[in-house]
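Structure at a glance
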Amino acid sequence: MSPRIPLVDLAAAHAEVAHAVQAGFAEVLATTGFVGGPQVAGFEREYAAFGGVRHCVGVANGTDAVELALRAVGVVAGDEVIVPANTFAATAGAVARIGAKPVFVDCDPATCLIDVPAALAAIGPATKAIVPVHLYGQLAPVEELQAGLAGSAGSAVRIVEDAAQCQGATRLGRTPGSGPGAIAATSFYPGKNLGAYGDGGAVLTDDEDLAAAVRKLGSHGGLVKYAHDIAGVNSRLDALQAVVLRAKLRRLPEWNAARQAAAAYYDKLLAGLDQVTLPTTLPGNEHVWHLYTVQVPERDAVLARLEAEGIGAGIHYPVPLHRTGAFATGASYPHAEHVAAHTLSLPLHPHLMREQQEIVVAALARALSAQPSRP
Ligand SMILES: *Cc1c(COP(=O)(O)O)cnc(C)c1O
């Protein structure tokens, strides 16, 4: 049975763009230009303008975007790349696919963003890059990382931003991937703020050479047919996805504003529940609320009670990466572990109604006041 109040509502989003999507699909089908072509070029141009960067290179998915951005800045097998322990597995998976080693660091306990001093302290002779993750829809303090790297032994360390969850977000007026030498990766997985009808992703940068490197890596290592300068991969955004993304991009500012309004209303409704730790926005951030995450005691029991009431809550993410089978290390990152054990994502999407939020919060209050379930 699908939940009464779902975590996301992709059908409502589709209803708004259905007409434009159908018209665009018809055009692509008529021309049979399924890979590349004017829809992809048009989307890349429009997303670059929206994202405040000079170049947007469409790729097959967000994981590829992280991998190709890392490879473009020179990460190769054997290098170390610093990654927060509390992120989606793809951030570390992209590092591992290059043959490089993810080195985990803890997060700030309030914002859940990368702990900048910890990241700087983790730099060693093999460190090639740091991947700050713009988690839940707000940007990590990249400028603090930059300042920490400047002039130090870390000045050769590159920053590759994982911007999968923050389409439209800014920090101190800056967008991901903008500025000298900067590069960011994003994902158009259907559930992201800007979601395709399948997989998609993009690399964002102002740097022409980095953009060209990503494009080359993603098109079999060459920009001219049958000229393969380097060993590349096949990672392209297809034309049908570009149609969807162009239609949705026109709605994105409005959809992000609706997410912000819903987040503010949750803040207000939850203010009276003292067992609930509200999400923290870092000063200087324009947050686009990919996820509205609170922290609660006895999270698993609370989640089960919400599910029983038809509330589609979620956990992002239940296991910190250093505790997963793929990336287990003996180390401990206490803040990341605390977040993983207590975090709870409440339903949040642009079409969520105030009455639904009130139902969610009433159910959460009941779940929190229920007796602890016996083991
Ligand atoms: C979604 C996501 C990715 C990966 O994107 P895909 O398109 O699913 O490959 C990477 N990093 C983070 C933080 C994400 O949320």
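A short tour of the structure in this document, coming up.

Procedures and definitions
- Residues numbered from 1 in each chain as written.
- Predicted model: local features only at pLDDT ≥ 70, side-chain atom pairs only at ≥ 80, totals over all residues.
- Heavy atoms only, no water.
- Near = heavy atom within 4 Å.
- Polar contact = N/O pair within 3.5 Å; in protein donor to acceptor, adjacent residues only side chain to side chain.
- 1 Å grid on protein atoms, 1.4 Å probe; cavity = no way out; pocket = protein on both sides within 12 Å on 5 of 7 lines; lining within 4 Å.
- Sits in = over half its atoms within 2 Å of the grid points.
- Helix = DSSP H or I, 4+ residues; strand = E, 2+ residues; numbered from the N terminus.
- Nonpolar A, V, L, I, M, F, W, Y, C, P; charged D, E, K, R; others polar.
- Points joined across faces, edges and corners; volume = space filled by probe spheres on them.
- Buried < 20%, exposed > 50% of the residue type's maximum accessible area, 1.4 Å probe, protein only.
- Contact = heavy atoms within 4.5 Å.
- Domains from an automatic or database assignment.

**What about the site of the ligand?**
Among the 15 residues in the neighbourhood of the ligand, the closest are listed as G62, T63, D162, S187 and K192. The side chain of D162 places a nitrogen or oxygen atom 2.7 Å from a nitrogen atom of the ligand. If you map the ligand onto the pockets, it falls in the largest pocket. Only α3 (62–72) and α4 (89–98) provide two or more residues apiece to the shell around the ligand. Its residues assigned to classes, the shell around the ligand shows five nonpolar, eight polar and two charged.

**Examining empty space enclosed by the protein**
Scanning the model with the defined rule gives two cavities of 30 Å³ or more in all. Here the largest cavity is characterised by a volume of approximately 110 Å³. Along the wall of the largest cavity there are 16 residues; nearest its centre are L10, A13, K192, R259 and P350. Going through the elements one at a time, α1 (10–31) and α8 (239–270) are the ones with two or more residues in the lining of the largest cavity. Counting residues per element, the lining of the largest cavity draws most heavily on α8, at three residues. Among the residues forming the lining of the largest cavity, the class breakdown is seven nonpolar, five polar and four charged.

**Section: helix α9 (residues 299–308)**
Looking only at α9, the buried set comprises R299, A301, V302, L303, R305 and L306. Along its buried surface, α9 packs onto α10 (334–342), β11 (343–346) and α11 (354–369). Note on α9: the residue one or two positions beyond its end, G310, has a positive phi of about 80°.

**Describing the layout of surface pockets**
There is about 430 Å³ of room inside the largest pocket. What lines the largest pocket is a set of 27 residues, among which F88, Y189, K192, H290 and Y317 lie closest to the centre. Elements with a minimum of two residues in the lining of the largest pocket: α3 and α4. Along the lines of polarity and charge, the residues of the lining of the largest pocket split into 14 nonpolar, ten polar and three charged. When residues of the lining of the largest pocket are sorted by domain, at least three fall in each of domain 1 (10–249) and domain 2 (252–369).

These results come straight from atomic positions and should not be treated as a statement about function.
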